[in-house]
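Chain residues, written in single-letter form:
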Amino acid sequence: MKLCRALQNLIKFRSAFDFGEREVAHWFPGHMAKGLKQMRANLKNVDCIIEIHDARIPFSGRNPQFQESLDVRPHLLVLNKVDLADIAHKQSILKRLERDGVKNVIFANCLRQRDDNIKKIVPQVLELIENSPRFHRSEDRGYCLMVIGVPNVGKSSFINALRRTNLKKGKASRVGAEPGITKAVLTKIQVCERPVMHLLDTPGVLSPRIESVETGMKLALCGTILDHLVGEDVIADYLLFTLNRLDRFSYVEKYGLQEPSDSIEQVLKHIAIKMGKTQRVKAITGVGNITIKVPNYTAAAYDFIRAFRRGELGKVMLD
Ligand SMILES: Nc1nc2c(ncn2[C@@H]2O[C@H](COP(=O)(O)OP(=O)(O)OP(=O)(O)O)[C@@H](O)[C@H]2O)c(=O)[nH]1
């Protein structure tokens, strides 16, 4: 929903988000730090690295450490969840990535039954391998890929999409709505018959690079950090700030507000009422105890965040 300029001009939105004194160091579970070490140990059979990242944050949170350690292999960046991303400025995104040394980029929607860009993966990977010196591989074996990326960007969904497209096979990888689902030991999964192509699934989980609290917050919005580590209330507030900044006002209609608001409390109150998310609280008054209904702000914040992650509040570009 686009609001007319006159109305927008009347509403004063925050021009900056107050991140307070947040400490991002503990936002990642310890097992993720092991990822890179394990990846390096398995690298000798890998012909190409496929890095999956969220298309809504093409520049934030990608861990450049792997480039130093694994850079020797051809590299393809898949910007996934493109169905949730506003890529109106796709060309400038590609240019900036190229300046950063990322030349091979494909946008994808791994949940779509038939995604034309997923079909391009195998040919592009083959081209990249053909055009680069071969490493420790005998000619008779198939190709081996490694899929890496920060948590919850869709690595498992990508593997399933590749299998669906090239092998007409079903799921091989567990998909989870929470970051950090893929923790098991390394698995080799076939994704193509001609030529024979495998990929190593886990443990390609990189800890994201959080250079600032804002980057951390963007990663949290995209679901790459467990919500409770950051706090649903602050994620919801940052979401509201972001939607207003990007002129994405569909929340107004969805939750029955009269107009856009910069107050997270007010918005969550509407959400709680609209979604029936209220709590009974006992109140002690001068004339005895009474039970009153109050909005459940945490449940409302969850609803707001989930609606955003499902794409119900519009496509966004967070970077
Ligand atoms: N909208 C949308 N959602 C997606 C897409 N790809 C994956 N998802 C969703 O994103 C969530 C995470 O997907 P996974 O495939 O489990 O991600 P992962 O990177 O393997 O996760 P970890 O194992 O935690 O590292 C799931 O809820 C998927 O349904 C996509 O292209 N579009």
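It should be emphasised that the depicted structure is a prediction, and the values quoted were computed from it without experimental measurement. (Residues numbered from 1 in each chain as written. Predicted model: local features only at pLDDT ≥ 70, side-chain atom pairs only at ≥ 80, totals over all residues. Heavy atoms only, no water.)

1. Some thoughts on the overall build of the protein
Basically, it comes down to this: Numbering of helices and strands runs from the N terminus, with a helix taken as a DSSP run of H or I at least four residues long and a strand as a DSSP run of E at least two residues long. In what follows, residue pairs with any heavy atoms lying within 4.5 Å of each other are defined as contacts. Note on areas: these come from Shrake-Rupley sampling with a 1.4 Å probe, and a residue is covered only by the protein chains present in the view.
Within the protein, the regular secondary structure consists of 13 helices and eight strands. Nonlocal contacts in the protein, meaning residues at least 24 apart in sequence, comprise 71% of its contacts between residues at least 6 apart. Split by element, the accessible area of the protein, about 16,100 Å² in all, is 49% carbon and sulfur.

2. Quick notes on a nonpolar patch on the surface
Stated formally: Patch membership requires over 30% relative accessible area and the absence of a salt bridge. Like charges are linked within 9 Å, and nonpolar side chains (Val, Leu, Ile, Met, Phe, Trp, Tyr) within 5 Å. By convention in these notes, a salt bridge is any Lys or Arg side-chain nitrogen within 4 Å of a carboxyl oxygen on Asp or Glu.
A cluster of nonpolar side chains, contributed by Val-281, Ile-290 and Ile-292, occupies part of the molecular surface with about 200 Å² of accessible area. One can find Val-281 in strand 7 (residues 278-285).

3. Digging into unusual backbone geometry
Heads up, the condition is: Remark: exposure states derive from per-residue accessible area (1.4 Å probe, protein chains only) relative to the maximum for the residue type, with buried under 20%, exposed over 50%, and partly exposed in between.
Look at the link from Arg-194 to Pro-195: it is a cis peptide, with omega at 0 degrees. Backbone geometry places Asn-152, a non-glycine residue, at a positive phi of 70 degrees. A relative accessible area of 16% means that Asn-152 is categorised as buried. Its identity is not glycine, yet Asp-247 carries a phi of approximately 60 degrees, on the positive side. Mapped onto the secondary structure, Asp-247 falls in the loop between helix 10 (232-245) and helix 11 (250-254). Looking at Asp-247, the relative accessible area reads 18%, which means it is buried.

4. Section: the domain arrangement of the protein
The condition is simple: Where each domain begins and ends follows an automated or database-derived domain assignment. Buried area, as used here, totals the accessible surface that two parts lose on assembly, with accessibility defined by a 1.4 Å probe and the loss added over both.
Domain parsing of the protein yields domain 1 (2-22 + 212-309) and domain 2 (30-200). In total, about 940 Å² of surface goes out of reach between domain 1 and domain 2, with carbon and sulfur atoms giving 61% of it. Area buried by domain 1 at its contact with domain 2 is led by Cys-222, Thr-224 and Leu-226, which between them contribute 46% of it. At the junction of domain 1 with domain 2, the criterion picks out one salt bridge.

5. A closer look at the nonpolar core
Put simply, the test is: What makes a nonpolar core is a set of buried Ala, Val, Leu, Ile, Met, Phe, Trp, Tyr and Cys residues whose side-chain atoms join them at distances within 4.5 Å.
Ranked by internal contacts, the top residues of the largest apolar core, which has 41 residues, are Trp-27, Met-217, Val-230, Tyr-251, Tyr-255, Phe-304 and Leu-313. Only helix 8 (213-221), helix 10, helix 11, helix 12 (264-274) and helix 13 (297-309) provide two or more residues apiece to this core. Considering each element in turn, this core owes the most residues, eight residues, to helix 10. Not counting the four nearest positions on each side in its chain, Leu-313 is found in contact with Leu-239, Leu-243, Arg-248, Ser-250, Tyr-251, Lys-254, Tyr-255, Phe-304, Ala-307 and Phe-308.

6. A word on the sheet that holds strand 5 (residues 188-192)
As a reminder of what qualifies: When DSSP finds at least two bridges between two strands, those strands are taken to pair. Lines fitted to C-alpha atoms define the axes here, with helix axes fitted over just the stretch in contact, and angles between the N-to-C directions of these axes take values from 0 to 180 degrees.
If you trace the six strands from one edge of the open sheet to the other, you get 3-2-1-4-6-5, paired in mixed fashion. Bordering the open sheet on either side are strand 3 (105-107) and strand 5, each of which pairs with just one other strand. Between one strand axis and the next, the sheet turns by 30 degrees as a mean value, whatever way the strands run. Pairing between strand 4 (residues 143-148) and strand 6 (residues 197-200): four bridges, direction parallel. In the sheet register, Met-146 faces strand 6, and the bridge partner there is Leu-200. Here helix 7 (residues 155-167) sits on the sheet in contact with strand 1 (48-54), strand 2 (75-80), strand 4, strand 5 and strand 6, set at roughly 45 degrees to strand 5.

7. So, the UniProt feature "binding site: GTP" (unreviewed entry) in the protein
As a reminder of what qualifies: UniProt positions are given in the numbering used here, feature names are shortened, and annotations may be inferred rather than shown by experiment.
Feature annotation in UniProt places "binding site: GTP" (unreviewed entry) on Asn-80, Lys-81, Val-82, Asp-83, Asn-152, Val-153, Gly-154, Lys-155, Ser-156, Ser-157 and Gly-204, given in this structure's numbering. On the secondary structure map, Val-153 appears in the loop between strand 4 and helix 7. Among residues more than four places away in sequence, those in contact with Val-153 are Ile-52, His-53, Asp-54, Asn-80, Lys-81 and Thr-224.

8. Focus on the packing of aromatic side chains
The criterion, for reference: Ring pairs shown here join Phe, Tyr and Trp side chains whose ring centres sit within 6.5 Å, with only the six-membered ring taken for Trp; geometry is labelled stacked below 30 degrees between planes, edge-to-face above 60, and tilted in between.
Scanning the entire structure with this criterion turns up eight aromatic pairs. Judged by centre distance (5.9 Å) and plane angle (20 degrees), the rings of Phe-13 and Phe-249 are stacked. Highlighted residues: Phe-13 in the loop between helix 1 (5-10) and helix 2 (35-41) and Phe-249 in the loop between helix 10 and helix 11, separated in sequence by 236 residues. Ring centres of Phe-17 and Phe-241 lie 5.5 Å apart, and the angle between their planes is 50 degrees; on these two criteria the pair is classed as tilted.

9. Some thoughts on the confidence of the model for the protein
We count it as follows: Note on scores: pLDDT gives the predictor's confidence for each residue, bounded by 0 and 100.
Confidence in the prediction of the protein, expressed as mean pLDDT, is 83, and 82% of residues score 70 or more. Of all the helices and strands in the protein, helix 1 carries the lowest mean pLDDT, 58, while strand 3 carries the highest, 97. Within the model, pLDDT remains below 50 along residues 180-185, and this stretch shows 15 contacts once partners closer than five positions in the same chain are excluded. Predicted as a complex, the structure gets a pTM of 0.87 and an ipTM equal to 0.98.

10. Brief notes about helix 7
Basically, it comes down to this: Between the first and last residue of a helix there are one fewer steps than residues, each counted as 1.5 Å, and that sum is the expected span.
With 13 residues, helix 7 should cover 18 Å at 1.5 Å per step; its first-to-last C-alpha distance of 18 Å lies within 8% of that length. When you tally the buried positions in helix 7, you get eleven out of 13 residues, the bulk of the element. Residues of helix 7 that are buried include every one of Lys-155, Ser-156, Ser-157, Phe-158, Ile-159, Asn-160, Ala-161, Leu-162, Arg-163, Thr-165 and Leu-167, and no others. Positioned one or two residues after helix 7, Lys-168 has a phi angle of 55 degrees, which is positive.

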